[in-house]
Amino acid sequence: MPLFGLASLLLVPWVVLLVFALPSTHEAAHWDIAWAGFDVALALLLLTVAVAACRRSPWLEGAATATATLLFVDAWFDVLTSSTRAERFVSIGEAAFVELPLAILCLLLARSVEHRLRVEPPGRPNVWLVREPQPSRDEERLSA
């Protein structure tokens, strides 16, 4: 814990230095590959969330949290790196209606899984995304 606290404190002067030292614009080599790679990672994480949810896997919490993080980062950089007014309009729309709502949904899903992992009794599967139908009293009498 102290290491992470120290790291966060050391980042404060670094951020201030970056704000004043970095230029407002910068041309980057392999910009296309960087964004394509980022989107491939995001697609793989979205697939991981889907598979983990289908399998009711405890990995769902981590996958959903990581996916939410990448969605927030994607929205942030899409908006801030858009170079024309039209690009900015589209990226703000994508952020507001796709990336941020999906990120929030992922965080809610991760929170739900974490809660269920804590309260689920031992001996039963850890993650339930859909309530199991409860047997009726007649079915209980028949099985007994």
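Here the structure is shown first, and the text comes after it.
Just so you know, the residues in each chain are numbered from 1, in the order the chain's sequence is written. The predicted nature of this model means local features are confined to residues of pLDDT at least 70 and side-chain atom pairs, given and counted, to a pLDDT of 80 or more, with totals for whole chains, interfaces and linings taken over all residues. To obtain the side-chain values, all non-hydrogen atoms of the structure were included, while hydrogens and water were left out.

Participant: Talk me through the overall build of the chain; I want residue IDs and the actual numbers.
Facilitator: By definition, any uninterrupted DSSP run of H or I lasting at least four residues is a helix, any uninterrupted run of E lasting at least two residues is a strand, and each is numbered from the N terminus. Per the secondary structure count, the chain includes five helices and zero strands. When the helices and strands of the chain are listed from N to C terminus, the series reads α-α-α-α-α. Residue contacts are defined here by distance: any two heavy atoms, one from each residue, within 4.5 Å place the two residues in contact. Across the chain, contacts joining residues at least 24 apart in sequence account for 62% of those joining residues at least 6 apart. Method for areas: the Shrake-Rupley scheme with a 1.4 Å probe, in which residue coverage is limited to the protein chains shown. In the structure as shown, the chain presents an accessible area of about 11300 Å², 69% of it carried by carbon and sulfur atoms.

Participant: Quick rundown of a nonpolar patch on the surface? Include the residues and the values.
Facilitator: Each patch is built from residues that are more than 30% exposed by relative accessible area and take part in no salt bridge. Like charges join if they lie within 9 Å; nonpolar side chains (Val, Leu, Ile, Met, Phe, Trp, Tyr) join within 5 Å. Criterion for a salt bridge: a side-chain nitrogen of Lys or Arg within 4 Å of a carboxyl oxygen of Asp or Glu. Judged by side-chain polarity, L11, V12, W14, V15, V16, L17, V19 and F20 come together as a nonpolar surface patch covering roughly 830 Å² of accessible area. Relative to the helices and strands, L17 is located in helix α1 (residues 2–21). Since its relative accessible area comes to 46%, L17 is described here as partly exposed. With a 1.4 Å probe rolled over the protein chains alone, any residue whose accessible area is under 20% of its type maximum counts as buried; one over 50% counts as exposed, and the rest are partly exposed.

Participant: Break down α1 for me, with residues and values.
Facilitator: Its 20 residues place the ends of α1 29 Å apart at the C-alpha level, agreeing with the 28 Å of an ideal helix rising 1.5 Å per residue. Of all the bends in α1, the largest measures some 25 degrees and sits at V12, one to four residues before the proline P13. Each helix should span, by expectation, one fewer than its residue count multiplied by 1.5 Å. To get the bend at a given residue, fit one axis to the seven residues ending there, fit another to the seven starting there, and take the angle between those axes.

Participant: Which residues make up unusual backbone geometry, and what values go with them?
Facilitator: Look at H30: it is not a glycine, yet its phi comes out positive at around 65 degrees. In this fold, H30 is placed in the loop between α1 and α2 (31–54). Judged by its relative accessible area of 56%, H30 is exposed. A positive phi is found at R56, a non-glycine position, where the angle reads about 55 degrees. Topologically, R56 is positioned in the loop between α2 and α3 (60–81). Residue R56 is classed as partly exposed on the basis of its relative accessible area of 34%.

By themselves, these figures tell us nothing about what the structure is for.
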